[in-house]
Each structure stands twice: as C-alpha cells, then as structure tokens.
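A structural walkthrough
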Amino acid sequence: MNVEAQINEYITNQPEPKRSNMQALHRMILETMPACKLWFLDGKNSEGKIVSNPNIGYGLQTIKYADGTTREFYQIGLSANTTGISVYILGIEDKTYLKKTYGKKIGKASVTGYCIKFKGLKDIDPTVLQDAIRYGVERV
C-alpha cells in the first residue's frame with residue numbers, strides 16, 4: 001500500500017468528528033505545503049512493537065543528532081490521540097517560540113515546544129494553526 005493509501009485508511013478509520021477534523025487538517029496542510037513529501041509512520045518500531053500513535057508527516061528536513069549522525073524526517077506531523085488531535089511542528093530551535101507566539105491566540109489547545117494538541121477544530125482558530133505550520137515550514 002502506498003503512502004497516500006495508508007494516510008487515507010488512517011483518517012477513514014477515525015471515529016467522527018475526529019475523522020472530519022483530520023480530513024480538514026490534511027487538506028489545510030497540503031494547501032500550505034502543496035509539493036511536500038508525504039510520510040506515514042504506523043507507530044511501530046523495528047520489532048513491530050507499538051511505540052507511538054500513527055503519524056502523517058509532511059515535508060522534509062535533515063535532523064542532525066549530537067553524535068553527528070543525520071536522518072531525514074518530516075517537518076509537520078499530524079496524529080490522532082485519545083483525547084483529540086496533535087499537530088507537530090518539528091525542528092524549531094527555540095522551544096518556547098510556539099507557546100509564546102501562538103499559545104494565547106490559538107484557542108483551547110495545549111502548546112509545547114513542538115506540539116499543538118486540541119480536542120477538535122471547533123476549539124481552535126485554524127488560521128493561527130496554519131500560521132504556526134507555515135512558520136515551521138519556512139524557517140528551514
């Protein structure tokens with residue numbers, strides 16, 4: 001199964017209203033990043049053990065680790081969780097930036113150094129979320 005099919009299956013298998021919210025977010029991210037590389041991580045490690053929620057990834061960046069090794073990974077992540085949806089904005093050096101810049105404006109969401117977590121789109125201002133995503137993509 002190709003990445004697009006995996007993404008479609010993942011979103012389709014979500015209960016409503018999470019499914020509609022995920023579809024809307026997927027479209028919004030693709031509008032923001034029209035030519036991006038798509039990723040799908042099923043949440044399992046190399047032994048097949050579940051270590052995280054599945055993630056849809058958008059974009060491409062090279063992560064450099066402290067030991068000097070590098071790895072290609074996505075810039076923006078989208079994942080369903082038990083209480084709602086998480087949007088990951090990876091690679092931002094200043095771990096206070098998202099919270100300081102978007103935390104008060106976004107609505108009912110938990111904002112950390114790289115994650116914006118909310119119950120549903122009705123709880124947040126999608127324009128603010130799109131601005132945060134755009135910042136995450138453009139700063140690379």
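Computed from a prediction, not measured in an experiment: that's the story for all the values here.

So, how was this worked out
- Residues numbered from 1 in each chain as written.
- Predicted model: local features only at pLDDT ≥ 70, side-chain atom pairs only at ≥ 80, totals over all residues.
- Heavy atoms only, no water.
- Helix = DSSP H or I, 4+ residues; strand = E, 2+ residues; numbered from the N terminus.
- Contact = heavy atoms within 4.5 Å.
- Areas by Shrake-Rupley, 256 points an atom, 1.4 Å probe, with all protein chains shown as cover.
- Lys, Arg positive; Asp, Glu negative; His and termini not counted.
- Charge placed at Lys NZ, Arg CZ, Asp CG, Glu CD.
- pLDDT = per-residue confidence, 0-100.
- Pairing = 2+ DSSP bridges.
- Axes fitted to C-alpha atoms, helices over the stretch in contact; angles between N-to-C directions.
- Expected span 1.5 Å × (residues − 1).
- Buried < 20%, exposed > 50% of the residue type's maximum accessible area, 1.4 Å probe, protein only.
- Arc of directions from axis to C-beta.
- Salt bridge = Lys/Arg side-chain N within 4 Å of Asp/Glu carboxyl O.

A word on the overall build of the protein. A count of helical and extended segments in the protein gives 4 helices and 8 strands. Element order for the protein, N to C, with α for helix and β for strand: α-α-β-β-β-β-β-β-α-β-β-α. Considering only C-alpha atoms, the protein reaches an extent of 40 × 35 × 30 Å along its principal axes. For the protein, contacts bridging at least 24 residues in sequence account for 47% of all contacts bridging at least 6. Entry remark: accessible area of the protein is about 8000 Å², with carbon and sulfur atoms responsible for 52%. Averaging the locations of the 19 positively and 14 negatively charged side chains of the protein gives two centres separated by 7 Å.

Moving on, we come to the confidence of the model for the protein. On average, residues of the protein carry a pLDDT of 94, and 99% of them reach 70 or more. Ranking the helices and strands of the protein by mean pLDDT puts strand β2 (residues 55–58) first, with 98, and strand β3 (residues 61–64) last, with 90.

Turning our attention to the sheet that holds strand β1 (residues 38–41). Read from one edge of the open sheet, 6 strands run β1-β2-β5-β6-β8-β7, paired in antiparallel fashion. The two strands at the open ends of the sheet, each matched to only one other strand, are β1 and β7 (110–111). As paired elements, strand β6 (residues 85–89) and strand β8 (residues 115–118) share 4 bridges and run antiparallel to each other. Bridge assignment links Ser 86 to a residue of β8, and that residue is Lys 117. Contacting β1, β2 and β5 (76–80), helix α1 (residues 3–12) crosses the sheet at an angle of about 55° to β1. Contacting β5, β6 and β8, helix α4 (residues 126–138) runs over the sheet at an angle of about 30° to β6.

Let's shift gears to helix α2 (residues 18–32). Taking 1.5 Å of rise per residue, 15 residues should cover 21 Å, and α2 covers 21 Å from first to last C-alpha, within 8% of that figure. Within the sequence span of α2, burial applies to Lys 18, Asn 21, Met 22, Leu 25, His 26, Met 28, Ile 29 and Thr 32. The arc enclosing the buried residues of α2, seen along the axis, measures out at 165°, which places them on a common side.

Inspection of the entire model under this criterion finds 4 salt bridges. Among the ionic pairs, Lys 100 bridges to Asp 94, the shortest N-O distance being 3.7 Å. By relative accessible area, Asp 94 is classed as partly exposed at 33%. Asp 123 is the partner of Lys 122 in a salt bridge, and the nearest nitrogen-oxygen pair spans 3.4 Å.

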